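Coordinate inspection notes
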Amino acid sequence: MPNTTQPSWEETEFGQLILRPFKSAPYPHESRDAGFKGKTKEFPRDPHYTDSTVGIFIPAHYVARADDAVHFVMYFHGHGNNVAKTLAEYKMPQRFSAAKINAILIIPQGPRDAPDSGGGKLELDRGAFATLITHVQTFLLDQRKIRAKQVGNVALAAHSGGYKVAAAVLDHGGMAEHVTDALLFDSAYGSLEWFSAWCAAERSHRLVSIFTEHLADENEQLMALLDKAGVPYARLDESKLTDDQLRARQPIFMPTTAGHGYVPSKFFTQLLSTSALAV
């Protein structure tokens, strides 16, 4: 007999968590029907591109109001990762809860445990981001976890190889009027024109790029694109960093001494608590 058990909500100290499949998740997608060939190893479609898991976390302090819009944060993990590992390794429930924002965290499964920056539907299919947000919101309404049918502000966060799908969402994912913040945790590897265009489209758009030395050149390239577009930005000093500096509604660039894998852990809470979702 097939297993028909549906994923259930897990009650944690920090809030409610569920990992469940969504048809609108990045994968499966035709772009990886033949799998993916890395530098030294091949990653077949199954199991690396058949996982449609989406993690959803609702912090314990969340207040569901019928007359208010629902705010979301969508986090894109980097290479060699999966949703469950991301939640545990970066202590996402704890750090998201600590930001004290009245928002819901969404973590879609990208390439599972593969060194691949592809984003499947969210990268290549126009409007796919809006579709996923709509499906998640409908699910939450059905589960009586939220009461409002309106989408509020949305923040995108990307670590490492998550940059490609984040940039694609900004360019052609849909719901452009709702995305207020793009948070790059050592993640400005490419698609810089799309990040720049998003910043130029609306001066209140807040892009924050925190980067280690190995991405210094790419961040200089992104700043040059902003200069060309006439978009002002700030360069911050990690040793003198304040929340007020981060609250500025403009692009922000800051080099860090943190290791590449530790950047999200160190700054995730602070960047969310100073975002447009902190209302």
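All right, on to the overall build of the chain then. A count of helices and strands for the chain gives 10 helices and 12 strands. Here the C-alpha radius of gyration of the chain, 18 Å, is about what a compact globule of 279 residues would show, namely 19 Å. Each of the three principal axes of the chain carries a C-alpha extent, and together these read 60 × 50 × 30 Å. Mean positive and mean negative side-chain charge positions of the chain (28 and 31 charges, respectively) differ by 4 Å.

Look at helix α7 (residues 192-201) against helix α8 (residues 216-229): their axes get within 9 Å of each other, and the N-to-C directions meet at 40°. As the angle between them shows, α7 and α8 are arranged oblique. The way α7 lies across α8 gives a crossing that is right-handed. For the pair α7 and α8, contact is made by Leu-192, Glu-193, Phe-195, Ser-196, Cys-199 and Ala-200 and by Glu-218, Gln-221, Leu-222, Leu-225, Leu-226 and Ala-229, respectively. In terms of residue class, the contact of α7 with α8 is built from eight nonpolar, two polar and two charged.

Of all seven residues in strand β5 (residues 53-59), seven are buried, a share of seventy percent or more. Looking at chain direction, β5 and strand β7 (residues 103-108) are connected through four bridges and run antiparallel. Bridge pairing in β7 links Gly-55 to Ile-107.

Another aspect to go through is the pattern of salt bridges. For the structure on display, the rule yields 10 salt bridges. A single network of salt bridges, built from pairs that share partners, joins Asp-51, Arg-112 and Asp-113.

The subject of this paragraph is the pairing of strand β10 (residues 206-211). Most of β10 is tucked away, with six of its six residues classed as buried. Burial along β10 is two-sided: the residues Arg-206, Val-208 and Ile-210 and Leu-207, Ser-209 and Phe-211 are all buried. In this sheet, β10 lies alongside strand β9 (residues 179-185) in parallel orientation, the contact comprising five bridges. Directly across from Ala-182, in β10, lies its bridge partner Leu-207. Crossover connection from β9 via α7 to parallel β10: handedness right-handed. Bridging between β10 and strand β12 (residues 252-255) involves four bridges; their strand directions are parallel. Bridged to Ser-209 within β12 is Phe-253.

Let us look at the sheet that holds strand β6 (residues 70-76). Each strand in a sheet pairs with its neighbour through backbone hydrogen bonds, running either in the same direction (parallel) or in the opposite one (antiparallel). Strand order in the open sheet formed by 10 strands is β1-β2-β5-β7-β6-β8-β9-β10-β12-β11, with mixed pairing between adjacent strands. A single partner strand is all that each edge strand has here, and the edge strands are β1 (10-11) and β11 (234-235). In this structure, strand β8 (residues 151-159) lies alongside β9, joined through six bridges in parallel fashion. Looking at β9, one finds that Val-154 is bridged to Val-179. Where helix α6 (residues 163-172) meets the sheet, it contacts β6, β8 and β9, and its direction lies at approximately 150° from that of β8. Strand contacts of α7: β9 and β10, with the helix running at about 145° to β9, the strand carrying the most contacts.

Right, let's talk about the nonpolar core for a bit. Residues Ile-56, Phe-72, Phe-129 and Leu-140 are the most contacted members of the largest nonpolar core, which totals 52 residues. Counting 33 residues, the second largest nonpolar core, distinct from the first, contains Leu-87, Ile-101, Phe-267 and Leu-271.

Attention now moves to the side chain of Ser-160. On the secondary structure map, Ser-160 appears in the loop between β8 and α6. For Ser-160, a relative accessible area of 11% corresponds to the buried category. Discounting residues that sit within four places of it in the chain, Ser-160 has contacts with Gly-78, Phe-185, Asp-186, Ser-187, Tyr-189 and His-260.

The subject of this paragraph is unusual backbone geometry. Looking along the chain, the bond that leaves Tyr-27 and enters Pro-28 is cis, with omega of 5°. Residue placement: Pro-28 occurs in the loop between β2 (15-21) and β3 (36-37). With an omega of 20°, the peptide bond between Asp-46 and Pro-47 qualifies as cis. Positionally, Pro-47 belongs in helix α1 (residues 45-48). Phi at Lys-91 is positive, roughly 50°, even though this residue is not glycine. Take Lys-91: it is sitting in the loop between α2 (83-89) and α3 (92-98). Residue classification places Lys-91 among the partly exposed positions, given a relative accessible area of 45%. You will see that Met-175, though not glycine, has its phi angle at about 60°, which is positive.

Conventions and cut-offs
Residues numbered from 1 in each chain as written. Predicted model: local features only at pLDDT ≥ 70, side-chain atom pairs only at ≥ 80, totals over all residues. Heavy atoms only, no water. Helix = DSSP H or I, 4+ residues; strand = E, 2+ residues; numbered from the N terminus. Rg over C-alpha atoms; globule rule 2.2 N^0.38 Å. Lys, Arg positive; Asp, Glu negative; His and termini not counted. Charge placed at Lys NZ, Arg CZ, Asp CG, Glu CD. Axes fitted to C-alpha atoms, helices over the stretch in contact; angles between N-to-C directions. Parallel < 35°, antiparallel > 145°, perpendicular 65-115°, else oblique. Left-handed = near helix turned anticlockwise from the far one by under 90°. Contact = heavy atoms within 4.5 Å. Nonpolar A, V, L, I, M, F, W, Y, C, P; charged D, E, K, R; others polar. Buried < 20%, exposed > 50% of the residue type's maximum accessible area, 1.4 Å probe, protein only. Pairing = 2+ DSSP bridges. Salt bridge = Lys/Arg side-chain N within 4 Å of Asp/Glu carboxyl O. Right-handed = clockwise from strand over helix to strand, strands pointing away. Core = buried A, V, L, I, M, F, W, Y, C linked by side-chain atoms within 4.5 Å.

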